[in-house]
Amino acid sequence: MKMVMAIVQDKDSNKVSAALAKAHVQATRFNSAGSFLRSGNTTFMIGTEDERVEEVIDIIQDTSHARKQFMTPPLNMDSIVDSGSSFPVEVEVGGATVFVMPIESFRHF
Amino acid sequence: MKMVMAIVQDKDSNKVSAALAKAHVQATRFNSAGSFLRSGNTTFMIGTEDERVEEVIDIIQDTSHARKQFMTPPLNMDSIVDSGSSFPVEVEVGGATVFVMPIESFRHF
Amino acid sequence: MKMVMAIVQDKDSNKVSAALAKAHVQATRFNSAGSFLRSGNTTFMIGTEDERVEEVIDIIQDTSHARKQFMTPPLNMDSIVDSGSSFPVEVEVGGATVFVMPIESFRHF
Ligand code: NI
Ligand code: NI
Ligand code: NI
(Lines give C-alpha, C1' and ligand atoms only; values in the text may rest on other atoms or scores of the structure.)
(Ligands and ions follow the chains in the order given, each with its own letter.)
Protein backbone atom coordinates (compact mmCIF):
# COMPACT_ATOMS: atom_id res chain seq x y z
CA MET A 1 0.00 0.00 0.00
CA LYS A 2 0.96 3.61 -0.45
CA MET A 3 0.11 6.81 1.37
CA VAL A 4 -0.74 9.67 -0.97
CA MET A 5 -0.47 13.07 0.72
CA ALA A 6 -1.87 15.84 -1.48
CA ILE A 7 -1.89 19.56 -0.71
CA VAL A 8 -4.48 21.43 -2.81
CA GLN A 9 -5.87 24.94 -2.84
CA ASP A 10 -8.96 25.44 -0.65
CA LYS A 11 -11.02 26.52 -3.65
CA ASP A 12 -10.44 23.11 -5.29
CA SER A 13 -10.89 20.94 -2.20
CA ASN A 14 -14.58 20.17 -2.63
CA LYS A 15 -14.04 19.18 -6.26
CA VAL A 16 -11.18 16.87 -5.21
CA SER A 17 -13.30 15.34 -2.40
CA ALA A 18 -16.24 14.72 -4.70
CA ALA A 19 -14.09 13.15 -7.43
CA LEU A 20 -12.35 10.84 -4.92
CA ALA A 21 -15.71 9.83 -3.43
CA LYS A 22 -17.14 9.11 -6.88
CA ALA A 23 -14.18 6.77 -7.52
CA HIS A 24 -14.74 5.12 -4.08
CA VAL A 25 -11.38 6.33 -2.82
CA GLN A 26 -11.41 6.82 0.96
CA ALA A 27 -9.64 10.02 1.99
CA THR A 28 -9.08 12.04 5.15
CA ARG A 29 -9.05 15.86 4.89
CA PHE A 30 -7.10 18.35 6.99
CA ASN A 31 -7.21 22.12 7.10
CA SER A 32 -3.67 23.29 6.52
CA ALA A 33 -1.73 26.36 5.45
CA GLY A 34 1.38 27.19 3.48
CA SER A 35 4.29 28.71 5.35
CA PHE A 36 4.72 31.58 2.88
CA LEU A 37 1.72 33.47 4.33
CA ARG A 38 -0.49 32.34 1.48
CA SER A 39 -4.13 31.62 2.13
CA GLY A 40 -5.15 28.29 3.59
CA ASN A 41 -5.02 25.02 1.74
CA THR A 42 -6.36 21.52 2.28
CA THR A 43 -4.31 18.35 2.73
CA PHE A 44 -5.73 14.96 1.73
CA MET A 45 -4.31 11.77 3.24
CA ILE A 46 -5.18 8.69 1.20
CA GLY A 47 -4.06 5.13 1.91
CA THR A 48 -4.45 3.10 -1.25
CA GLU A 49 -3.45 -0.11 -3.01
CA ASP A 50 -0.29 0.22 -5.12
CA GLU A 51 -2.34 -0.46 -8.28
CA ARG A 52 -4.53 2.59 -7.70
CA VAL A 53 -1.86 5.20 -6.93
CA GLU A 54 -1.73 6.54 -10.49
CA GLU A 55 -5.52 6.70 -10.68
CA VAL A 56 -5.67 8.61 -7.39
CA ILE A 57 -3.02 11.08 -8.56
CA ASP A 58 -4.87 11.52 -11.88
CA ILE A 59 -8.09 12.36 -10.01
CA ILE A 60 -6.26 14.95 -7.90
CA GLN A 61 -4.50 16.41 -10.93
CA ASP A 62 -7.73 16.67 -12.95
CA THR A 63 -9.51 18.53 -10.18
CA SER A 64 -6.77 20.78 -8.77
CA HIS A 65 -3.98 21.47 -11.28
CA ALA A 66 -2.80 25.01 -11.91
CA ARG A 67 -4.64 26.79 -14.72
CA LYS A 68 -5.22 30.28 -16.06
CA GLN A 69 -8.51 31.98 -15.35
CA PHE A 70 -9.92 35.35 -16.34
CA MET A 71 -11.00 37.44 -13.38
CA THR A 72 -12.57 40.87 -13.34
CA PRO A 73 -10.75 42.87 -10.69
CA PRO A 74 -12.90 45.04 -8.41
CA LEU A 75 -13.49 48.58 -9.67
CA ASN A 76 -11.52 51.29 -8.01
CA MET A 77 -12.61 54.88 -7.86
CA ASP A 78 -10.02 56.28 -10.26
CA SER A 79 -10.84 53.84 -13.02
CA ILE A 80 -14.57 54.54 -12.61
CA VAL A 81 -13.91 58.19 -13.24
CA ASP A 82 -11.73 57.31 -16.23
CA SER A 83 -13.68 54.61 -17.99
CA GLY A 84 -16.64 53.36 -16.03
CA SER A 85 -15.53 49.73 -16.39
CA SER A 86 -12.98 47.16 -15.31
CA PHE A 87 -11.19 44.73 -17.65
CA PRO A 88 -10.78 41.01 -16.97
CA VAL A 89 -7.22 39.91 -16.29
CA GLU A 90 -5.70 36.44 -16.56
CA VAL A 91 -4.56 34.92 -13.25
CA GLU A 92 -3.21 31.50 -12.29
CA VAL A 93 -5.38 29.51 -9.87
CA GLY A 94 -5.11 26.03 -8.36
CA GLY A 95 -2.02 23.88 -8.25
CA ALA A 96 -1.25 20.88 -6.07
CA THR A 97 1.71 19.05 -4.54
CA VAL A 98 1.55 15.28 -4.08
CA PHE A 99 3.87 13.00 -2.10
CA VAL A 100 3.71 9.19 -2.27
CA MET A 101 5.03 7.34 0.78
CA PRO A 102 5.28 3.65 1.70
CA ILE A 103 2.78 1.99 4.06
CA GLU A 104 3.99 -1.15 5.83
CA SER A 105 0.67 -2.33 7.19
CA PHE A 106 -2.96 -1.37 7.38
CA ARG A 107 -5.74 -2.20 9.82
CA HIS A 108 -9.42 -1.47 9.89
CA PHE A 109 -11.62 -2.43 12.86
CA MET B 1 10.76 3.35 14.56
CA LYS B 2 7.33 3.38 13.02
CA MET B 3 4.74 6.06 12.43
CA VAL B 4 1.22 4.97 13.36
CA MET B 5 -1.47 7.13 11.73
CA ALA B 6 -4.92 6.36 13.14
CA ILE B 7 -8.22 7.88 12.04
CA VAL B 8 -10.93 7.48 14.69
CA GLN B 9 -14.44 8.80 15.17
CA ASP B 10 -14.64 12.09 17.10
CA LYS B 11 -16.82 10.48 19.77
CA ASP B 12 -14.01 8.03 20.59
CA SER B 13 -11.08 10.46 20.42
CA ASN B 14 -10.93 11.37 24.11
CA LYS B 15 -11.02 7.71 25.10
CA VAL B 16 -8.17 6.98 22.67
CA SER B 17 -6.14 9.96 23.98
CA ALA B 18 -6.61 8.96 27.58
CA ALA B 19 -5.65 5.33 26.94
CA LEU B 20 -2.51 6.34 25.02
CA ALA B 21 -1.53 8.77 27.77
CA LYS B 22 -2.06 6.11 30.44
CA ALA B 23 0.35 3.84 28.52
CA HIS B 24 2.85 6.75 28.21
CA VAL B 25 2.50 6.81 24.43
CA GLN B 26 3.15 10.29 23.04
CA ALA B 27 0.66 11.22 20.33
CA THR B 28 -0.26 14.26 18.25
CA ARG B 29 -3.95 14.90 17.45
CA PHE B 30 -5.43 16.55 14.37
CA ASN B 31 -8.99 17.53 13.57
CA SER B 32 -9.83 15.88 10.28
CA ALA B 33 -12.81 14.85 8.19
CA GLY B 34 -13.79 12.05 5.87
CA SER B 35 -14.30 12.87 2.23
CA PHE B 36 -17.71 11.19 2.04
CA LEU B 37 -19.41 14.12 3.84
CA ARG B 38 -19.48 12.21 7.08
CA SER B 39 -19.08 14.04 10.34
CA GLY B 40 -15.59 14.99 11.51
CA ASN B 41 -13.05 12.55 12.79
CA THR B 42 -9.73 12.77 14.62
CA THR B 43 -6.35 11.64 13.32
CA PHE B 44 -3.62 10.54 15.74
CA MET B 45 0.03 10.60 14.65
CA ILE B 46 2.23 8.43 16.86
CA GLY B 47 5.95 7.82 16.41
CA THR B 48 6.88 4.70 18.32
CA GLU B 49 9.51 2.00 18.76
CA ASP B 50 9.00 -1.06 16.55
CA GLU B 51 8.44 -3.18 19.66
CA ARG B 52 5.45 -1.10 20.76
CA VAL B 53 3.54 -0.91 17.47
CA GLU B 54 1.23 -3.82 18.29
CA GLU B 55 0.55 -2.44 21.77
CA VAL B 56 -0.31 0.97 20.31
CA ILE B 57 -2.66 -0.56 17.75
CA ASP B 58 -4.29 -2.66 20.49
CA ILE B 59 -4.93 0.47 22.56
CA ILE B 60 -6.51 2.20 19.58
CA GLN B 61 -8.58 -0.88 18.70
CA ASP B 62 -9.83 -1.33 22.28
CA THR B 63 -11.00 2.27 22.50
CA SER B 64 -12.38 2.95 19.01
CA HIS B 65 -13.42 -0.24 17.21
CA ALA B 66 -16.81 -0.46 15.53
CA ARG B 67 -19.58 -1.83 17.77
CA LYS B 68 -23.36 -1.97 17.94
CA GLN B 69 -25.19 0.36 20.27
CA PHE B 70 -28.85 0.86 21.07
CA MET B 71 -30.04 4.41 20.47
CA THR B 72 -33.45 5.92 20.98
CA PRO B 73 -34.20 7.94 17.87
CA PRO B 74 -35.76 11.37 18.43
CA LEU B 75 -39.57 11.40 18.38
CA ASN B 76 -41.20 12.73 15.26
CA MET B 77 -44.66 14.20 15.20
CA ASP B 78 -46.34 11.36 13.28
CA SER B 79 -45.10 8.69 15.67
CA ILE B 80 -46.25 10.77 18.66
CA VAL B 81 -49.74 10.79 17.25
CA ASP B 82 -49.57 7.05 16.57
CA SER B 83 -47.95 5.63 19.67
CA GLY B 84 -46.62 8.31 22.00
CA SER B 85 -43.21 6.62 22.23
CA SER B 86 -40.04 5.90 20.35
CA PHE B 87 -38.26 2.52 20.28
CA PRO B 88 -34.50 2.03 20.66
CA VAL B 89 -32.76 0.87 17.47
CA GLU B 90 -29.39 -0.80 17.06
CA VAL B 91 -26.81 1.31 15.23
CA GLU B 92 -23.12 0.85 14.49
CA VAL B 93 -20.79 3.41 16.10
CA GLY B 94 -17.02 3.85 16.15
CA GLY B 95 -14.56 2.22 13.80
CA ALA B 96 -10.98 3.17 13.03
CA THR B 97 -8.43 2.94 10.24
CA VAL B 98 -4.75 2.57 11.08
CA PHE B 99 -1.70 2.88 8.81
CA VAL B 100 1.84 1.93 9.88
CA MET B 101 4.66 3.68 8.04
CA PRO B 102 8.46 3.57 8.34
CA ILE B 103 10.41 6.30 10.17
CA GLU B 104 14.06 6.67 9.16
CA SER B 105 15.16 8.92 11.97
CA PHE B 106 13.88 10.77 14.97
CA ARG B 107 15.05 13.86 16.85
CA HIS B 108 13.91 15.57 19.99
CA PHE B 109 15.43 18.85 21.16
CA MET C 1 13.23 12.77 -1.08
CA LYS C 2 12.31 12.76 2.58
CA MET C 3 9.27 13.87 4.53
CA VAL C 4 10.15 15.86 7.64
CA MET C 5 7.29 15.97 10.16
CA ALA C 6 8.01 18.43 12.98
CA ILE C 7 5.82 19.12 16.00
CA VAL C 8 6.67 22.46 17.64
CA GLN C 9 5.12 24.59 20.35
CA ASP C 10 2.55 27.12 19.13
CA LYS C 11 4.58 30.01 20.52
CA ASP C 12 7.49 29.07 18.22
CA SER C 13 5.51 28.30 15.08
CA ASN C 14 5.75 31.72 13.44
CA LYS C 15 9.51 31.81 14.01
CA VAL C 16 9.83 28.35 12.43
CA SER C 17 7.64 29.36 9.47
CA ALA C 18 9.62 32.54 8.84
CA ALA C 19 12.97 30.77 9.03
CA LEU C 20 11.83 28.03 6.62
CA ALA C 21 10.46 30.63 4.20
CA LYS C 22 13.71 32.62 4.35
CA ALA C 23 15.59 29.43 3.37
CA HIS C 24 13.06 28.81 0.54
CA VAL C 25 11.85 25.61 2.17
CA GLN C 26 8.22 24.90 1.27
CA ALA C 27 6.21 23.69 4.28
CA THR C 28 2.62 22.89 5.13
CA ARG C 29 1.34 23.80 8.62
CA PHE C 30 -1.33 22.04 10.68
CA ASN C 31 -2.95 22.96 13.96
CA SER C 32 -2.46 20.00 16.26
CA ALA C 33 -2.47 19.09 19.94
CA GLY C 34 -0.64 16.77 22.26
CA SER C 35 -2.58 13.93 23.82
CA PHE C 36 -1.44 14.75 27.36
CA LEU C 37 -3.88 17.69 27.65
CA ARG C 38 -1.12 20.17 26.98
CA SER C 39 -1.86 23.31 25.05
CA GLY C 40 -1.98 23.19 21.26
CA ASN C 41 1.03 22.76 19.06
CA THR C 42 1.78 23.12 15.36
CA THR C 43 2.88 20.36 13.00
CA PHE C 44 4.98 21.17 9.93
CA MET C 45 5.06 18.76 6.97
CA ILE C 46 8.04 19.35 4.69
CA GLY C 47 8.94 17.33 1.61
CA THR C 48 12.57 17.96 0.80
CA GLU C 49 15.58 16.68 -1.13
CA ASP C 50 17.77 14.24 0.83
CA GLU C 51 20.64 16.75 0.73
CA ARG C 52 18.64 19.39 2.59
CA VAL C 53 17.23 17.26 5.43
CA GLU C 54 19.94 18.26 7.92
CA GLU C 55 19.58 21.94 6.99
CA VAL C 56 15.80 21.75 7.50
CA ILE C 57 16.21 20.06 10.88
CA ASP C 58 18.81 22.68 11.89
CA ILE C 59 16.37 25.48 11.03
CA ILE C 60 13.66 23.85 13.12
CA GLN C 61 16.04 23.21 16.00
CA ASP C 62 17.38 26.79 16.00
CA THR C 63 13.89 28.25 16.16
CA SER C 64 12.05 25.86 18.46
CA HIS C 65 14.39 23.93 20.77
CA ALA C 66 13.70 23.77 24.49
CA ARG C 67 15.31 26.55 26.50
CA LYS C 68 15.06 28.19 29.90
CA GLN C 69 13.33 31.53 30.19
CA PHE C 70 12.69 33.85 33.10
CA MET C 71 9.03 34.62 33.60
CA THR C 72 7.38 36.86 36.15
CA PRO C 73 4.43 34.89 37.52
CA PRO C 74 1.17 36.78 38.00
CA LEU C 75 0.76 38.35 41.45
CA ASN C 76 -1.55 36.59 43.81
CA MET C 77 -3.31 38.29 46.66
CA ASP C 78 -1.34 36.64 49.46
CA SER C 79 2.02 37.65 48.04
CA ILE C 80 0.82 41.22 47.54
CA VAL C 81 -0.02 41.38 51.22
CA ASP C 82 3.35 39.87 52.12
CA SER C 83 5.77 41.63 49.84
CA GLY C 84 4.07 43.75 47.21
CA SER C 85 6.08 42.17 44.40
CA SER C 86 6.53 39.02 42.36
CA PHE C 87 9.88 37.42 41.53
CA PRO C 88 10.84 36.08 38.09
CA VAL C 89 11.18 32.31 37.93
CA GLU C 90 13.02 30.16 35.41
CA VAL C 91 10.76 27.95 33.24
CA GLU C 92 11.41 25.69 30.27
CA VAL C 93 9.74 26.75 27.01
CA GLY C 94 9.80 25.38 23.47
CA GLY C 95 10.95 21.94 22.43
CA ALA C 96 10.25 20.03 19.24
CA THR C 97 9.96 16.48 17.96
CA VAL C 98 11.02 15.68 14.41
CA PHE C 99 10.44 12.51 12.36
CA VAL C 100 12.08 11.83 8.99
CA MET C 101 10.21 9.47 6.66
CA PRO C 102 10.89 8.19 3.14
CA ILE C 103 9.10 9.64 0.11
CA GLU C 104 8.89 7.39 -2.94
CA SER C 105 7.71 9.94 -5.44
CA PHE C 106 6.70 13.55 -5.76
CA ARG C 107 4.48 15.45 -8.19
CA HIS C 108 3.66 19.08 -8.64
CA PHE C 109 1.06 20.26 -11.17
NI1 NI D 1 -7.55 20.98 -16.74
NI1 NI E 1 -15.04 -3.84 22.45
NI1 NI F 1 19.14 28.44 21.18
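What you see is a predicted model, and the numbers here were worked out from it, not measured in a lab.

The rules behind the values
Residues numbered from 1 in each chain as written. Chains lettered and ligands numbered in written order. Predicted model: local features only at pLDDT ≥ 70, side-chain atom pairs only at ≥ 80, totals over all residues. Heavy atoms only, no water. Helix = DSSP H or I, 4+ residues; strand = E, 2+ residues; numbered from the N terminus. Buried < 20%, exposed > 50% of the residue type's maximum accessible area, 1.4 Å probe, protein only. Areas by Shrake-Rupley, 256 points an atom, 1.4 Å probe, with all protein chains shown as cover. Core = buried A, V, L, I, M, F, W, Y, C linked by side-chain atoms within 4.5 Å. Contact = heavy atoms within 4.5 Å. Buried area = accessible area lost by both parts, 1.4 Å probe. Salt bridge = Lys/Arg side-chain N within 4 Å of Asp/Glu carboxyl O. Polar contact = N/O pair within 3.5 Å; in protein donor to acceptor, adjacent residues only side chain to side chain. Nonpolar A, V, L, I, M, F, W, Y, C, P; charged D, E, K, R; others polar. Pairing = 2+ DSSP bridges.

Trainee: Give a detailed account of the overall build of chain A, specifying residues and quantitative values.
Mentor: A tally of helices and strands in chain A yields 3 helices and 7 strands. Listing the helices and strands of chain A from first to last along the sequence gives β-α-β-β-α-β-α-β-β-β. Here chain A holds 109 residues, and 43% of them are scored as buried. Roughly 5800 Å² of accessible area belongs to chain A as shown, and the carbon and sulfur atoms make up 54% of that amount.

Trainee: I'd like a description of the nonpolar core, backed by residues and values.
Mentor: Of all hydrophobic cores here, the largest spans 24 residues; its most connected members are Met3(A), Met101(A), Met3(B), Met101(B), Met3(C) and Met101(C). Where this core is concerned, the elements lending two or more residues are β1 (2–9) and β6 (96–102) of chain A, β1 (2–9) and β6 (96–102) of chain B together with β1 (2–9) and β6 (96–102) of chain C. Once residues within four sequence positions are removed from consideration, Met3(B) is found in contact with Met45(B), Ile46(B), Gly47(B), Phe99(B), Val100(B), Met101(B), Ile103(B), Phe99(C) and Met101(C).

Trainee: Break down the interface of chain B and chain C for me, with residues and values.
Mentor: Listed per partner, the contact involves 22 residues of chain B and 28 residues of chain C. Summing the contributions of chain B and of chain C, the shared interface buries around 2000 Å²; its carbon and sulfur component is 62%. A per-residue breakdown of the area chain B buries against chain C is headed by Glu104(B), Arg107(B) and Phe109(B), which together make up 35% of the total. One can count 2 salt bridges joining chain B with chain C. Inspection of the chain B/chain C interface yields 9 residue pairs in polar contact (both at pLDDT 80 or more). For the side of chain B that touches chain C, the elements supplying multiple residues, two or more each, are α1 (10–22), β2 (28–34), β3 (40–48), β6 and β7 (105–108) of chain B. Looking at the side of chain B that touches chain C element by element, the count peaks at 4 residues for β7(B). Here the residues of the side of chain B that touches chain C are counted per class, giving 12 nonpolar, 7 polar and 3 charged. Here 4 bridges tie β7(B) to β6(C), and the two strands are oriented antiparallel to one another. By the bridge assignment, His108(B) is partnered in β6(C) with Thr97(C).

Trainee: Talk me through the environment of Asn41(A); I want residue IDs and the actual numbers.
Mentor: Within the fold, Asn41(A) resides in strand β3 (residues 40–48). Taking relative accessible area as the criterion, Asn41(A) reaches 2% and is therefore assigned buried. In this structure, the C-alpha to C-alpha distance between Asn41(A) and Gln9(A), residues 32 residues apart in sequence, is 4.7 Å. Asn41(A) has contacts with Ile7(A), Val8(A), Gln9(A), Asp10(A), Phe30(A), Asn31(A), Ser32(A), Ala33(A), Gly34(A) and Thr28(C), leaving out every residue within four places of it along the chain.

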